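Descriptive analysis of the structure
Given next are the chains, with one letter for each unit.
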Amino acid sequence: MISANLSAIFYLVSGVLFILALRGLSSPETSRQGNFFGILGMFIAVTVTFLSTGNFSAGFIYVLIFIFLGGSIGAFIAYKIPMTAMPELVAGFHSLVGLSAVFVAISAFLNPEAFNLGTPGNIKLGSLIEMSIGAAVGAVTFSGSVIAFLKLQGIMSGSPITFKGQHPLNAIILISIIVIIYFLCSTQSSNLFWILLVISFLIGFLLIIPIGGADMPVVISMLNSYSGWAAAGIGFTLENTALIITGALVGSSGAILSYIMCKGMNRSFFNVILGGFGATDDTATNSIKEQRPVKSGNADDAAFLMKNASSVIIVPGYGMAVAQAQHALREMVDTLKKNDIKVSYAIHPVAGRMPGHMNVLLAEANVPYDEVFELEEINNDFANADVAFVIGANDVTNPVAKTDPQSPIYGMPVLDVEKCKSVLFVKRSLSPGYAGIDNDLFYKENTLMLFADAKKMTEDITKNL
Amino acid sequence: MEIDPLIFRLSIFILSIFVGYYVVWSVTPSLHTPLMSVTNAISSVIIVGAIIAGLSGNSDSVFNTSNIFGFLAIALAAVNIFGGFLVTQRMLAMYKKKKKDKQ
């Protein structure tokens, strides 16, 4: 058994190691070392907890069994999961953090003596407040992430589910959570604690159902943030520095990512959270739809254009992930490079279903990360490039965002794809993208539409090169 | 007058938010997905609370309600810790620089 002071110092060390773990991610070279710091920090925190309780009785064996059980499931998933399923995986993991926060809070509520928080029915006021907040946020994280997971996995429709009175209902529930926490603290009633958990699960569910599929990058980042705040709430209850530091880090990390994603769509955070974006705009634009001529071509034409180019920029999007076309794409690029054609990749911040989604897929296909550029880094290069190859992206290339103030996506930063000498646009049909608006790029003089599955088209182009 | 220890914890919390803010802004956008999976893994340090809960029983009552919730929380957090760190490692191993001979 080690003293409380010594274990507090070790918890601080593991908190610092977690900071270094995030710091490592500032560049791919240092990132692997950063991950190692994270593992070390976790190892220290767990070991110190065992040593400080000093309880190596029968319970200890069960703890090890459950760690082993959970750990093997986690390791199995980590090795088996395909990279395209990363958004679902992260959403699923968030739900587990949320649920374990809830369980820890329940356990602390039932047996406060084990945590030095007082006795059942007479828990210290401060601890009870922290515990309720931790439990409520954890419950919201859990049910919200489950919905996000179901939507990303395609088990639940990605389209927003809205109903009348949705916002007032949510507001009433949020207010009642605060009221219940207030009464819980004054009465210490366990019934109120269970009610609090149930309605927190409910609000998490209601908050996420109105948000559409393409807004998932914001939702995942937001849930990431919530899981951090839940951990911090529990950290205050347990008076544990490692948990408080980690909770704050994760909470602010998720908040920053949500901000970056919202900026990438030029929408306010509340606009995304209140939901229903895709559904409302569909009807407005369908009525004014007009038939305009488009040029369409086949793999042969595309190969011809690329062969005569000296530089090509590739713009991947969610469609590439769906078609699993990243490996075929890399093979096409290899062939282009053999012909001395300069190739780079342009990634929009909200391409895909989670922050950095495209980068991971390209990395999986062995694309070196120094050929992959962010929007601001590459946007000026489109004017000098010969061919832009848009594969699975749509709204993020729509020039309407710059020209038409009436458009729902006006003001959203877009890739200046239309400035290229020619644009190759791989798409299955002319249907509008997620925002429900026509892409002007389809009808431009220099655009050649390639109507096919992204993977198949890319393979065909490679054959023709 | 003595300062409530809560204030110290609150200070740590607030300062950590600021540390997090600056550290996360320096993360390169191409690593945002690993960032999410690693934050996932480290937020499972909540396992610390779960272990205390799981060990709280005495030898005759290893499985009372409070312990069972502790054990469940341990299993969930362990899924996340192992899954989160390993999947992050798997992703990071894929980020490679351009090979010179390939050009």
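In short, a report on the structure. Model, not experiment: these values are computed from the prediction.

Scanning chain B from terminus to terminus reveals four helices and zero strands. Scanning chain B from its N terminus toward the C terminus, one meets helices and strands in the order α-α-α-α. With the model as given, the accessible surface of chain B reaches about 4500 Å², and the carbon-plus-sulfur share is 67%.

Let us look at the overall build of chain A. On a plain count of helices and strands, chain A comes out with 18 helices and eight strands. Taken against the 2.2 N^0.38 rule, which gives 23 Å for 465 residues, the C-alpha radius of gyration of chain A at 25 Å falls within 12% of a compact globule. By principal-axis analysis of the C-alpha atoms, chain A measures approximately 75 × 50 × 30 Å. A separation threshold of at least 6 residues defines the contact pool for chain A, and within that pool the share at least 24 residues apart is 77%. Surface accessibility of chain A: about 18200 Å² in total, with carbon and sulfur atoms responsible for 63%. Of the side-chain charges in chain A, 26 are positive and 32 negative, and the distance between the mean point of each set is 2 Å.

This paragraph deals with the layout of surface pockets. Looking at the second largest pocket, its volume works out to about 740 Å³. Forming the walls of the second largest pocket are 27 residues, and the residues nearest its centre are Ala4, Ser7, Tyr11, Leu238 and Glu239 of chain A. Mapped onto the lining of the second largest pocket, the elements with two or more residues apiece are helix 1 (4-24), helix 2 (28-53) and helix 9 (241-265) of chain A together with helix 1 (5-25) and helix 3 (47-54) of chain B. Here the residues of the lining of the second largest pocket are counted per class, giving 14 nonpolar, nine polar and four charged.

For the rest of this paragraph, the subject is the sheet that holds strand 8 (residues 447-451) of chain A. Residues and elements named next belong to chain A. Pairing in this open sheet of six strands is parallel, and the strands run 5-4-3-6-7-8 from one edge to the other. With partners counted over all chains shown, the strands left at the sheet margins are strand 5 (372-374) and strand 8, one partner each. The sheet shows a mean angle of 25° between the axes of neighbouring strands, direction not considered. As judged from the four bridges shared by strand 3 (residues 311-316) and strand 4 (residues 342-347), these two strands associate in the parallel manner. Within strand 4, the position partnered with serine 311 by the bridge is lysine 342. The strands touched by helix 12 (residues 299-307) within the sheet are strand 3, strand 6 (387-391), strand 7 (422-427) and strand 8, with strand 7 carrying the most contacts at an inclination of about 145°.

The final tally for this structure, using the stated rule, is eleven salt bridges over all chains. For the salt bridge of arginine 9 of chain B with glutamate 239 of chain A, the shortest nitrogen-to-oxygen distance reads 3.5 Å. With arginine 9 of chain B in helix 1 and glutamate 239 of chain A in the loop between helix 8 (216-238) and helix 9, this residue pair bridges two chains. Residue classification places arginine 9 of chain B among the buried residues on the basis of a relative accessible area of 15%. Classification of glutamate 239 of chain A by relative accessible area gives partly exposed; the value is 42%. Two residues, aspartate 386 of chain A and lysine 421 of chain A, come together in a salt bridge whose shortest N-O distance is 2.8 Å. One end of the pair, aspartate 386 of chain A, is in the loop between helix 16 (375-378) and strand 6; the other, lysine 421 of chain A, is in the loop between helix 17 (400-403) and strand 7, with 35 residues separating them in the sequence.

The subject of this paragraph is helix 3 (residues 58-80) of chain A. Given a rise of 1.5 Å per residue, 23 residues ought to cover 33 Å, and the 34 Å separating the end C-alpha atoms of helix 3 of chain A matches this to within 8%. When we look at burial in helix 3 of chain A, the residues that qualify are Gly59, Phe60, Val63, Phe66, Ile67, Gly70, Gly71, Gly74, Ala75 and Ala78 of chain A. The secondary structure elements touched by the buried residues of helix 3 of chain A are helix 2 of chain A together with helix 3 and helix 4 (65-92) of chain B.

Here we come to the interface of chain B and chain A. On the side of chain A, 100 residues touch chain B, which itself brings 78 residues to the contact. Between chain B and chain A the total buried area reaches about 8200 Å² when both faces are included, carbon and sulfur atoms providing 78% of it. On the chain B side of the interface with chain A, the three residues burying the most area are Met36, Ile46 and Leu55 of chain B, jointly 9% of the side's total. Between chain B and chain A we count one salt bridge in total. Between the two partners, chain B and chain A, sit 16 residue pairs in polar contact (both at pLDDT 80 or more). Of all the secondary structure elements, the ones that give two or more residues to the side of chain B that touches chain A are helix 1, helix 2 (32-43), helix 3 and helix 4 of chain B.

This brings us to unusual backbone geometry. Residue and element names in this part refer to chain A. Positive phi values are uncommon outside glycine, yet asparagine 116 reaches one of about 60°. With respect to the secondary-structure elements, asparagine 116 resides in the loop between helix 4 (86-110) and strand 1 (118-119). For glutamate 239, which is not glycine, the phi torsion reads 55° and is therefore positive.

When the terminal C-alpha atoms of helix 5 (residues 125-153) of chain A are compared, their 42 Å separation across 29 residues agrees well with the 42 Å that a helix rising 1.5 Å per residue should span. Just downstream of helix 5 of chain A lies glycine 154 of chain A, where phi reads positive at about 85°.

So, on to the pairing of strand 7 of chain A. Residue and element names in this part refer to chain A. Burial analysis of strand 7 places six of its six residues in the buried class, which makes it a mostly covered element. Taking every second residue as pointing to the same face, both faces of strand 7 are buried, with Ser422, Leu424 and Val426 on one and Val423, Phe425 and Lys427 on the other. Inspection of the sheet shows strand 6 paired to strand 7 by five bridges, in the parallel sense. Each residue of the ladder has a partner; that of valine 390, found in strand 7, is phenylalanine 425. For strand 7 and strand 8, the ladder comprises five bridges, and the chain directions are parallel. Bridging from a neighbouring strand, lysine 427 pairs with phenylalanine 451 of strand 8.

This brings us to the environment of alanine 135 of chain A. Inspection of the secondary structure assignment puts alanine 135 of chain A in helix 5. Linking alanine 135 of chain A and methionine 320 of chain A, residues 185 residues apart in sequence, is a C-alpha distance of 39 Å.

It is worth spelling out a nonpolar patch on the surface at this point. Taken together, the side chains of Tyr259 of chain A together with Leu10, Ile14, Phe18, Tyr21, Tyr22 and Trp25 of chain B define a hydrophobic patch exposed on the protein surface, amounting to about 750 Å² of accessible area. It is helix 1 of chain B that contributes the most residues to the nonpolar patch, six residues altogether. Tracing the backbone through its elements, the reader meets phenylalanine 18 of chain B in helix 1.

Closest axis-to-axis distance for the helix 8 of chain A/helix 1 of chain B pair is 11 Å, and the angle between their directions is 160°. As the angle between them shows, helix 8 of chain A and helix 1 of chain B are arranged roughly antiparallel. The handedness of the crossing between helix 8 of chain A and helix 1 of chain B is right-handed. Residues Trp229, Ala232 and Phe236 of chain A of helix 8 of chain A lie in contact with helix 1 of chain B, whose contacting residues are Leu6, Arg9, Leu10, Phe13 and Ile17 of chain B. For the contact of helix 8 of chain A with helix 1 of chain B, the residue count by class is seven nonpolar, no polar and one charged.

The rules behind the values
Residues numbered from 1 in each chain as written. Chains lettered and ligands numbered in written order. Predicted model: local features only at pLDDT ≥ 70, side-chain atom pairs only at ≥ 80, totals over all residues. Heavy atoms only, no water. Helix = DSSP H or I, 4+ residues; strand = E, 2+ residues; numbered from the N terminus. Areas by Shrake-Rupley, 256 points an atom, 1.4 Å probe, with all protein chains shown as cover. Rg over C-alpha atoms; globule rule 2.2 N^0.38 Å. Contact = heavy atoms within 4.5 Å. Lys, Arg positive; Asp, Glu negative; His and termini not counted. Charge placed at Lys NZ, Arg CZ, Asp CG, Glu CD. 1 Å grid on protein atoms, 1.4 Å probe; cavity = no way out; pocket = protein on both sides within 12 Å on 5 of 7 lines; lining within 4 Å. Points joined across faces, edges and corners; volume = space filled by probe spheres on them. Nonpolar A, V, L, I, M, F, W, Y, C, P; charged D, E, K, R; others polar. Pairing = 2+ DSSP bridges. Axes fitted to C-alpha atoms, helices over the stretch in contact; angles between N-to-C directions. Salt bridge = Lys/Arg side-chain N within 4 Å of Asp/Glu carboxyl O. Buried < 20%, exposed > 50% of the residue type's maximum accessible area, 1.4 Å probe, protein only. Expected span 1.5 Å × (residues − 1). Buried area = accessible area lost by both parts, 1.4 Å probe. Polar contact = N/O pair within 3.5 Å; in protein donor to acceptor, adjacent residues only side chain to side chain. Patch = residues over 30% accessible without salt bridge, like charges linked within 9 Å, V, L, I, M, F, W, Y side chains within 5 Å. Parallel < 35°, antiparallel > 145°, perpendicular 65-115°, else oblique. Left-handed = near helix turned anticlockwise from the far one by under 90°.

Interpretation in functional terms is not warranted from these geometric data alone.
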